[in-house]
Amino acid sequence: MKVNVHAVNFTIDKKLTHFIQERLDKLEKYYDRVVAADAFLKVENTSDKENKIVEIKVHVPGDDLIVKKQCKTFEEAVELSAESLERLLVKRKEKIRANI
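We now turn to the structure provided with this report. What you see is a predicted model; the values in this text were computed from it and never measured.

## Side note on the overall build of the protein
A count of helices and strands for the protein gives 2 helices and 4 strands. Secondary structure elements of the protein, listed N to C terminal, follow the sequence β-α-β-β-β-α. In terms of overall dimensions, the protein is globule-like: its C-alpha atoms have a radius of gyration of 14 Å, near the 13 Å expected for 100 residues. Along the three orthogonal principal directions, the C-alpha set of the protein runs to about 50 × 25 × 20 Å. Expressed as a percentage of the 100 residues in the protein, the buried residues total 32%. Partitioning the contacts of the protein with sequence separation of at least 6, the portion at a separation of at least 24 is 49%. Entry remark: accessible area of the protein is about 6,400 Å², with carbon and sulfur atoms responsible for 49%. Between the mean site of the 20 positive side-chain charges and the mean site of the 18 negative ones, the protein shows a separation of 2 Å.

Written out as structure tokens, the structure reads:
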């Protein structure tokens, strides 16, 4: 699956890009018709420790699934987002099977 990583107003290191790619590749286990994914990483300028925002948009035929999480680290936010997407993809797959 093609994963586009967009870092808003900062540069991203290869390790984090690789982590995001690997984690989102696992989504194909839950729904095999995933076309691509976009991951947007932002740092919010607040004194709050949870200032890392990850927004992941997954493109599937006929729809886009969007999940947004805010955490202390990008890795944690990506992990939580991926878990949410897994649930959404399973739900979508079951819905499609029910309609057949």
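Additional details are given in the paragraphs that follow.
## Topic: the side chain of S84
Summarising the element assignment, S84 is placed in helix α2 (residues 74–99). Setting aside chain neighbours within four positions, we find S84 in contact with V67 and K69.

## With respect to the pattern of salt bridges
As enumerated under the stated definition, the model contains 4 salt bridges in all. One salt bridge connects E79 with R23, and the closest N-O pair in it is separated by 2.9 Å. Linking E79 in helix α2 with R23 in helix α1 (residues 14–25), this pair joins segments that are 56 residues apart in sequence. The salt bridge partner of R92 is D63, with a shortest N-O separation of 3.6 Å. Taken together, the positions of R92 in helix α2 and D63 in strand β4 (residues 63–71) put the pair 29 residues apart, joining distant regions of the chain.

## Concerning the nonpolar core
Core analysis: the largest hydrophobic core is formed by 22 residues, its most contacted members being I20, L24, V54, I56, V58, L85 and L89. Listing elements by their share of this core, those giving two or more residues are α1, β2 (36–43), β3 (52–60), β4 and α2. If we ignore the near neighbours within four places in the chain, the residues touching V54 are F40, L41, V67, K68, K69, F74, A77, V78 and S81.

## A look at the packing of aromatic side chains
Any aromatic ring pair is given by two values, namely how distant the centres are and how the planes are angled relative to each other. Here the structure, examined in full by the defined rule, presents 1 aromatic pair. When the ring of F10 is compared with that of F74, the centres are 5.5 Å apart and the planes differ by 10°; the resulting orientation is stacked. Of this pair, F10 sits in the loop between β1 (2–7) and α1 while F74 is found in helix α2, placing the two residues 64 residues apart along the sequence. Overall, the relative accessible area of 25% leaves F10 in the partly exposed class.

What counts and how
Residues numbered from 1 in each chain as written. Predicted model: local features only at pLDDT ≥ 70, side-chain atom pairs only at ≥ 80, totals over all residues. Heavy atoms only, no water. Helix = DSSP H or I, 4+ residues; strand = E, 2+ residues; numbered from the N terminus. Rg over C-alpha atoms; globule rule 2.2 N^0.38 Å. Buried < 20%, exposed > 50% of the residue type's maximum accessible area, 1.4 Å probe, protein only. Contact = heavy atoms within 4.5 Å. Areas by Shrake-Rupley, 256 points an atom, 1.4 Å probe, with all protein chains shown as cover. Lys, Arg positive; Asp, Glu negative; His and termini not counted. Charge placed at Lys NZ, Arg CZ, Asp CG, Glu CD. Salt bridge = Lys/Arg side-chain N within 4 Å of Asp/Glu carboxyl O. Core = buried A, V, L, I, M, F, W, Y, C linked by side-chain atoms within 4.5 Å. Phe/Tyr/Trp six-rings, centres within 6.5 Å; stacked < 30°, edge-to-face > 60°.

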